[in-house]
Amino acid sequence: QVQLVESGGGLVQAGGSLRLSCTVSRSLFSFNRLGWYRQAPGKERELVAVSTIGGKTNYADSVKGRFTISRDNAKNMVHLQMNGLKPEDTAVYLCNAEFLGQDSWGQGTQVTVSS
């Protein structure tokens, strides 16, 4: 059973920055993809950023140029640096790890951006 624990959420003003972290209970090399999703009230869960084992990254169009996903393989951690935050970025952010089609999720961390 894989465990993922997110941290780093909080309340920030528009234009500010936050850095989310996800601690994974297993080597990051165990997974094909590691990523961040978000879910706002009344909306579907959406992909924010993903990092593949091959080193590729992909971002939602809405966060390109503002958010950066990174991996710390030595510490089994995945980070999401969020700059230029906007009120529409307000959501619960969830860490995801995928291997052979099986997904594991963290409990999520709340990010609230005030205008």
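Keep in mind that what you see is a predicted model, and the values were worked out from it rather than measured.

Draft legend 1. Spatial organisation of the overall build of the protein chain. Of regular secondary structure, the protein chain possesses zero helices and 11 strands. From first element to last, N terminus to C terminus, the protein chain shows the α and β order β-β-β-β-β-β-β-β-β-β-β. Relative to its length of 115 residues, the protein chain is compact, with a C-alpha radius of gyration of 13 Å against a globular reference of 13 Å. Taking the principal axes of its C-alpha atoms as reference, the protein chain extends roughly 40 × 25 × 25 Å. In the protein chain, which comprises 115 residues, the proportion classed as buried is 43%. Sequence-distant contacts in the protein chain: of pairs separated by 6 or more residues, those separated by 24 or more amount to 54%. As displayed, the protein chain has an accessible area near 6,100 Å², and 48% of this comes from carbon and sulfur atoms. For the protein chain, the separation between the mean place of its 12 positive charges and that of its 9 negative charges on side chains is 5 Å.

Draft legend 2. Highlighting the pattern of salt bridges. Scanning all chains against the criterion turns up four salt bridges. The residue aspartate 61 makes a salt bridge to lysine 64 at a minimum N-O spacing of 3.1 Å. Several salt bridges converge on common partners, so that one network encompasses Arg38, Glu46, Arg66 and Asp89.

Draft legend 3. Looking closely at the nonpolar core. The biggest cluster of nonpolar side chains holds 29 residues, and the ones touching the most others in it are Trp36, Val48, Phe67, Leu80, Met82 and Tyr93. Of all the elements in the fold, those that place two or more residues in this core are strand 3 (18–24), strand 4 (33–39), strand 5 (46–52), strand 7 (67–72), strand 8 (77–82), strand 9 (91–99) and strand 11 (109–114). For leucine 80, the contacting residues outside a window of four places in its chain are Leu18, Arg19, Leu20, Trp36, Val48, Ala49, Phe67, Thr68, Ile69 and Tyr93.

Draft legend 4. Structural view of the sheet that holds strand 1 (residues 4–7). On the basis of which strands lie adjacent, the open sheet formed by four strands has the order 1-3-8-7 and antiparallel pairing. Looking along the sheet, the strands with just one partner apiece sit at the ends: strand 1 and strand 7. If you compare each strand with its neighbour and ignore which way they point, the axes differ by 15 degrees on average. Pairing analysis gives four bridges linking strand 1 to strand 3, with the strands arranged antiparallel. Residue pairing across strands places valine 5 opposite threonine 23, the latter belonging to strand 3.

About the cut-offs
- Per chain, residue numbering runs from 1 following the sequence as it is written.
- Per-residue local features of the predicted model are confined to residues with pLDDT of at least 70, and side-chain atom pairs are confined, for both listing and counting, to 80 or more; whole-chain, interface and lining totals are unaffected and use all residues.
- Hydrogens and water molecules were not included; the side-chain quantities draw on all heavy atoms of the structure.
- Going along the chain from the N terminus, every DSSP run of H or I of four or more residues is numbered as a helix, and every run of E of two or more is numbered as a strand.
- Throughout, the radius of gyration refers to the C-alpha atoms, and the reference size of a globule is 2.2 Å times the residue count to the power 0.38.
- Each residue's exposure class comes from its accessible area (1.4 Å probe, protein chains only) as a fraction of the maximum for that residue type: buried when under 20%, exposed when over 50%, partly exposed otherwise.
- Between two residues, a contact is recorded if the distance between any of their heavy atoms is within 4.5 Å.
- In this description, accessible areas are obtained by the Shrake-Rupley approach with a 1.4 Å probe, and a residue is regarded as covered only by the protein chains that are shown.
- By the counting rule applied here, Lys and Arg register as positive and Asp and Glu as negative, while His and the ends of each chain are not counted.
- A charge is said to be at NZ when it belongs to Lys, at CZ for Arg, at CG for Asp and at CD for Glu.
- Salt bridge, as used here: a side-chain nitrogen of Lys or Arg that lies within 4 Å of a carboxyl oxygen of Asp or Glu.
- What makes a nonpolar core is a set of buried Ala, Val, Leu, Ile, Met, Phe, Trp, Tyr and Cys residues whose side-chain atoms join them at distances within 4.5 Å.
- Two strands qualify as a pair provided DSSP detects at least 2 bridges between them.
- Working convention: axes come from line fits to C-alpha atoms, limited for helices to the stretch in contact. Angles between N-to-C directions cover 0 to 180 degrees.

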